[in-house]
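Here's the letter readout for the chains.
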Amino acid sequence: MGSGKDCTHWLAFVLSLHLYLGKQAWAELRYSVPEEVKEGTVVGNVAKDLGLEKSSLVARQFRVVSGSKETFFRVRPENGALEVRRKIDREALCEGSGACVMELKILVENPLEMHHVVVEITDVNDHSPSFTDKEQVFEIAEQSSPGTRFQLQAARDPDAGTNSVRTYTLTTNEHFELDVSQNDEEKIPFLVLKRPLDREQNRKHVLLVTAVDGGKPQKSSILNVTIIVLDSNDNRPTFSQDTYTVEIKENIPIGLSIAKVNATDPDEGTNGDIEYSLGKTLNKAHDIFELDKLSGLIKLKGPVDFEDSEIYKLDIHASDKGQPPLTGRCRVIVKIKDVNDNRPEIEVTSLSNKVSEDSKPGTVISLISVTDKDSGVNGKIISQISNDVPFELKPSYKENIYSVVTKEYLDREQVSFYKITITSTDCGDPPLSTLQTLNIQISDVNDNRPHFAQYPLNFYLLENNLAGQSIFSVSATDNDVNENAAISYSIVRAGIENDVTSFLNINSENGQISALKSFDFETLKSFQFQVVATDGGSPPLSSNVTVKVFILDQNDNAPVILYPVSSNGSAQGVEEIPRNIKAGDLVTKVRAYDADIGYNGWLLFSLQRVSDHSLFSLDRYTGQIRTLRSLMETDEAEHHLLVLVKDNGNVSLSATATVTVKLVEPKEAFAASDVKSAATVDEEDNVTFYLMITLGSVSLLFVISIIVLIAMQCSKSTEYTSKYLQETNYDGTLCHSIQYRSGDKRYMLVGPRMSIGSTIVPGSHANTLVLPDRRNTSGEPKAPNSDWRYSASLRAGGVMQSSVHMEESSVMQGAQGVLVQNWPTASSAADAEGGEVSPPMGAGVDSNSWHFRYGPGGPGAPPQHLKPGEVPPEAFIIPGSPAIISIRQNQGDDDKSDFITFGKKEEAKKKKKKKKDKKDKKDKGKDDDE
């Protein structure tokens, strides 16, 4: 029955518990109680803490519900106290140092309630620390270094918290100390060697290690520690220095010893034998240095370079041969001293190879940088341009960075290419240098006009040229290049009527000029025009030149007989002479004219047929017919003379005249002369009119010239006066002469005949005589300028009258660009009639000229390549001239009074006269002194 009643109560309890859980929350109380307390020790009043009525606790069956068999706590229903039912051992109940907690369930009924009570079992120091073994032995070699650790046994203490092992202590000694390492759950003691052991002093050490907990009172346990010192290699090799410092130059020879290290070991035997070795290095020291393992000598095995590494750190090991071997260490620091063994390096960072010649000063053409691997003074660099070029180095904001700039204006035409030599020198001892060459090409701009070599250009053209053919060419040069120097030529045309340029055509590419017509010297003697040369630049530049063309005469005109000319136009006439005429008297004169000039107009007369050779003679130069002897009664009354007149051209042209000479009685001759003069007046009106005009003009000039000549000669030495030379072998015609000096010789120019015995100057065609020098003078006569003109009408002895006119010297074109001068020819005429001007050598009035040509040679001789102003006086020749001209010498360079000039303008004469008056006074003073 009791059993059934208990089952009913248990079911009711479960149902009530479920109902209670569904409606109420559980309550929880926390208590703590030390372990090992006595039974019945009250932990706490649960009923009071839960707020339960003490009087109802029994009725409500207040109790502890536990599922375990061993219950350590119980409650008293009468007062609600929780007490210890039996002794509690925390170490047995809970292991470890964590909290030891027991959960209790307190149950009451009517109404059914369940409360949770947590009871923490706190530890008490009821255990002492304990070691597993009571003794621990260590064998330690005496070479063990201080700081060596040896692990000891750890003491065990089941108490928790501060009651467990708190610390270890060691008996006082000189060699060891105790070090405790905290593990996760326990503290581990270590025996630390604080001083080296020496077996020779003490071979065994006994120590006591005590483990102490933290309880109150403290509890402890002791461990016996025995240390046996083993005899071994207990002395390390020791170097004399910990660090060796060596300084060497980078150019030190390979194989040379640089340092020696030394280590000692107090051990004996193999324990004291030392070997040296190199430790591991990072800068390839093994390739550069080698160490003798026995002597410790360090040698240089490879080259050192300061630029690669300034310092080497060598770790040297010294090991003995003990077991185990001991090693000592030291460091050798090798410092490399810089030597000036690196030349400066020049790097061209940018370069403009072409520079325009119109670049302004300061134009940058290149950037360069200079470096030197050496350091200090050895790396200090001085850079400059070492050659003479219009460029300079300008430093930039950063050291050893330069720009190459132009320092002046460039001219490609003077220098088109530059080599800029840059020299960089360091400041080492000795200094090292580097050269860098920059090649700079100067590009062209169109800054030069076409240039003609001469201005003006003089060309000489033979008349009768073929129309359409090239006559000459002009050429200009341009200092520029390429299209800037491509020259085109054009003729400036006036566009007026009868413009000579309309007959000229020029090749624009080569300057070849061709004539579209043939020129005639007798119609046109010279003309000029302008040629323009234009280059191909942009913009184009041009220049012009005046081209003077001189037409040269050819022998294309035959002589024309002026006298005698009969009424029907034929060259024949009749001359009546009295029978009482004497030997040498003039019978008549044959006059002829040639439109050509020079040798082509130089006429020579000769008798082709004559009835009596012993009676008449003909002067070959003047055309005068004279008697050779007196007439006799037996001479025929009429004589016929055929006179041949020919010029002196290469291919001579000629004409003939027939003169009939009648011998009459003197009275008849005078009468016939009067009748003839009256009959021929009308026929010769035209010729006489022109002759009178010419005679008047020439006479006026002659008078003026004589006055000037007399005035000049009066103030000068008489040694250079003109004179007639009378020759015994001459037929009556007087010779004129011109005297002048050259060096130590005195020269005379003579007319048609030469004095017998005179010396002929070679190349003068028998017209220049060399006379003995009568005056010592150092001056040289100057060659006459080509623009002097001489005009004079000279009367010889009152019988022969001459007309002389020196025209402007014509210049012939020889080889390309070479000027030569024509030799002069002279012509004169004289007869018994005063005031009559005759053509030269019997030629016409228009041919009264002396034509000068500089240089030796005669008709047909090749032109001489002589420049104007360089003609010696001996080359100044006037062949066949009967004129009188004195050529003075002058010491002054700028005085143009060296020659007598005629025909100048009045203004020029006045200026010349003033200048000559001053000069004449000086010369007169000199002549007086002489």
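Residues numbered from 1 in each chain as written. Predicted model: local features only at pLDDT ≥ 70, side-chain atom pairs only at ≥ 80, totals over all residues. Heavy atoms only, no water.

*Asks:* Give me the lowdown on a nonpolar patch on the surface, citing residues and values where you can.
*Replies:* A contiguous nonpolar surface patch, about 350 Å² in accessible area, is contributed by Phe689, Tyr690 and Ile693. Along the polypeptide, phenylalanine 689 turns up in helix 6 (residues 685-714). (Patch = residues over 30% accessible without salt bridge, like charges linked within 9 Å, V, L, I, M, F, W, Y side chains within 5 Å. Areas by Shrake-Rupley, 256 points an atom, 1.4 Å probe, with all protein chains shown as cover. Salt bridge = Lys/Arg side-chain N within 4 Å of Asp/Glu carboxyl O. Helix = DSSP H or I, 4+ residues; strand = E, 2+ residues; numbered from the N terminus.)

*Asks:* I'd like a rundown of the packing of aromatic side chains, residues and numbers included.
*Replies:* Per the counting criterion, the structure on display carries 10 aromatic pairs. Following the ring pairs from residue to residue traces out a cluster consisting of Phe519, Phe527 and Phe529. Above the plane of the ring of phenylalanine 503 lies lysine 517, whose end atom (NZ or CZ) is 4.4 Å from the centre. Sitting over the ring of phenylalanine 521, lysine 525 keeps its end group 4.8 Å from the ring centre. (Phe/Tyr/Trp six-rings, centres within 6.5 Å; stacked < 30°, edge-to-face > 60°. Lys NZ or Arg CZ within 6 Å of the ring centre and 35° of its normal.)

*Asks:* Could you give an account of the nonpolar core, naming the residues involved and the relevant values?
*Replies:* Ranked by internal contacts, the top residues of the largest apolar core, which has 27 residues, are Val261, Phe289, Ile298 and Ile316. Elements that contribute at least two residues to this core include exactly strand 16 (243-249), strand 17 (257-260), strand 19 (274-278), helix 4 (285-288), strand 20 (289-291), strand 21 (297-300), strand 22 (311-320) and strand 23 (327-337). When near neighbours in sequence (up to four residues on either side) are disregarded, valine 261 contacts Phe239, Tyr244, Tyr276, Leu291, Ser295, Gly296, Ile298, Ile316, Cys330 and Val332. (Core = buried A, V, L, I, M, F, W, Y, C linked by side-chain atoms within 4.5 Å. Buried < 20%, exposed > 50% of the residue type's maximum accessible area, 1.4 Å probe, protein only. Contact = heavy atoms within 4.5 Å.)

*Asks:* Got a sec to walk through the side chain of serine 383? Specific residues and values, please.
*Replies:* With respect to the element layout, serine 383 can be found in strand 27 (residues 381-385). Among the residues examined, serine 383 registers a relative accessible area of 12% and is labelled buried. Here serine 424 takes part through its side chain, which lies 2.8 Å from a polar atom of the side chain of serine 383. Leaving out residues up to four positions away in the same chain, serine 383 has contacts with Val370, Leu393, Tyr402, Thr423 and Ser424. (Polar contact = N/O pair within 3.5 Å; in protein donor to acceptor, adjacent residues only side chain to side chain.)

*Asks:* Explain the sheet that holds strand 17 residue by residue, including any values.
*Replies:* Across the sheet, which stays open at both edges, the 3 strands sit in the order 17-21-20 with antiparallel pairing between neighbours. With one partner strand each, in any of the chains shown, strand 17 and strand 20 form the two edges of the open sheet. Taking the axes of each pair of neighbouring strands and ignoring which way they run, one obtains an average angle of 25° across the sheet. With 3 bridges joining them, strand 17 and strand 21 adopt antiparallel strand pairing. Looking at the pairing, lysine 260 lines up with leucine 297 of strand 21. (Pairing = 2+ DSSP bridges. Axes fitted to C-alpha atoms, helices over the stretch in contact; angles between N-to-C directions.)

*Asks:* Mind laying out unusual backbone geometry, listing which residues take part and the relevant values?
*Replies:* That bond from glutamine 323 to proline 324 is cis: its omega, -10°, falls within 30 degrees of zero. In this structure, proline 430 follows aspartate 429 across a cis peptide bond, with omega equal to 0°. Locating proline 430 in the fold gives a position in the loop between strand 30 (417-426) and strand 31 (433-443). The backbone of glutamine 61 sits at a positive phi, close to 55°, despite the residue not being glycine. As for its placement among the helices and strands, glutamine 61 is situated in the loop between helix 2 (46-50) and strand 3 (63-65). One non-glycine residue, asparagine 464, lies in positive phi territory at about 65°. By secondary structure assignment, the location of asparagine 464 is in the loop between strand 33 (457-462) and strand 34 (470-473).

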